[in-house]
Each structure stands twice: as C-alpha cells, then as structure tokens.
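Structural description and commentary
Chain by chain, the residues run as shown.
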Amino acid sequence: MMIKRIVIGALVLAGVLVVVLAMHIYMVTASEGQKGPVFAMGKFIFEQELDAEAQAAFSSVFKKQEGIKDVRINRDAGFFICLYDQKKWSTEAIIQSVQEHFQVSAYRYHPSTEELASSCPAFSKDSFIYRLGGFFENLFAKR
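Owing to the predicted nature of the structure, the values given are computational and were not obtained by experimental measurement.

A short note on the pairing of strand 1 (residues 39–46)
Where strand 1 meets strand 3 (residues 79–85), seven bridges bridge the pair, whose relative direction is antiparallel. Residue F39 lies in a different strand from strand 3, and its bridge partner there is D85. With three bridges joining them, strand 1 and strand 4 (residues 106–108) adopt antiparallel strand pairing. What sits directly across from I45, in strand 4, is Y107.

Focus: the packing of helix 2 (residues 52–63) against helix 3 (residues 91–102)
Taken N-terminus to C-terminus, the directions of helix 2 and helix 3 make an angle of 130°; their axes are 11 Å apart at the nearest point. When the interaxial angle is binned, helix 2 and helix 3 end up oblique. Handedness of the crossing formed by helix 2 with helix 3: right-handed. Every residue of helix 3 that contacts helix 2 at A54, A57, F58, V61 and F62 is listed here: I94, S97, V98, H101 and F102.

Considerations on the nonpolar core
In terms of nonpolar packing, the biggest core is built from 18 residues, with F46, F58, F80, C82 and Y84 touching the most fellow members. Looking at this core, the elements with two or more residues in it are strand 1, helix 2, strand 2 (68–74), strand 3 and helix 3. When sequence neighbours within four positions are dropped, the list of residues in contact with Y84 reads V38, F39, A40, G42, F44, G67, I68, W89, T91, I94 and R108.

Some points on the sheet that holds strand 2
The strand order across the open sheet built from four strands is 2-3-1-4, with neighbouring strands paired in antiparallel fashion. This sheet does not close on itself; its edge strands, each paired only once, are strand 2 and strand 4. Going from strand to strand, the sheet's axes swing by 25° on average, the running direction of each strand aside. Against the sheet, helix 2 contacts strand 1, strand 2 and strand 3, and its axis sits at roughly 165° relative to strand 2.

What to know about the pairing of strand 3
In terms of residue burial, strand 3 counts as a mostly covered element, since five of its seven residues are buried. Inspection of the sheet shows strand 2 paired to strand 3 by six bridges, in the antiparallel sense. From the neighbouring strand, N74 faces strand 3, where its bridge partner is F79. Following strand 2, the chain reverses through four residues before pairing antiparallel with strand 3; G78 in that reversal takes a positive phi of roughly 80°.

Thresholds, definitions, all that
- Residues numbered from 1 in each chain as written.
- Predicted model: local features only at pLDDT ≥ 70, side-chain atom pairs only at ≥ 80, totals over all residues.
- Heavy atoms only, no water.
- Pairing = 2+ DSSP bridges.
- Helix = DSSP H or I, 4+ residues; strand = E, 2+ residues; numbered from the N terminus.
- Axes fitted to C-alpha atoms, helices over the stretch in contact; angles between N-to-C directions.
- Parallel < 35°, antiparallel > 145°, perpendicular 65-115°, else oblique.
- Left-handed = near helix turned anticlockwise from the far one by under 90°.
- Contact = heavy atoms within 4.5 Å.
- Core = buried A, V, L, I, M, F, W, Y, C linked by side-chain atoms within 4.5 Å.
- Buried < 20%, exposed > 50% of the residue type's maximum accessible area, 1.4 Å probe, protein only.

And the structure:
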C-alpha cells in the first residue's frame, strides 16, 4: 500500500514538472510583443589591463546607469559580464562608455561556431531532459 502511494506520488510529480516545463517553453517562445525591458547579457573583453582603482569603481559606475541591471567584472581574466536593457543600450554604447569612463578599450565576445554547436553546457545532448525540452521547443516553435 505504501509503495503504491510512493509510485503514484512520483508519477504525479513527474507529470506536474512536465506540464510546468511545457508552460515555460510556451511562454518563452510566444510571439507577444515585449512591453517592458528586453534584457541581454553580454561578455566584453578588455583589450588592456584594468588597474585596481578602476576595477573598484567599474561596477558602481555602470550600475548607476539606467538600463544596466548588473555588471560583474573578472579583472584576472580580463573581461566583464553586463546585463543590460537592449531598448536603452547597444553593444557599441557599452563599449563607448567603458572607453569614456576608464580609457580602456573593450570588445564584445562572440562564441565560435564550435561553442555554439555544443548547445547548452548544462545538459548533455543525450540526456532525457535535453530531449524532452527539445520536444516541447519544437512543439511550440513558431514556423
């Protein structure tokens, strides 16, 4: 009797998770017009080394800008990640702002074709989750 309850509970939970995944994919792929901000995340590589003083001021300067939600800097690796509203900022505007505020050149990182082909690094292409997500994405994709 107890095993039957556990099996039924596990099946119900799995069903709920599949429904939530399907709803999430549908909501993400829906073609409704964006009314609010459209956030993008970009990785920008510094062409010169950023000094410690500039690094300390970097995040605070950018976070004060309207349309910039978050900035994370990795001085040792020589890059920063920026979460910005695409309606207010462009890649070129961010690069220009870095040049104006810190006199350091930067460029937007673009992944290679091999990196793009590897798809999501969190899931193996052979995993059940990846195939299930692909099924729902194809189901709801607008053609």
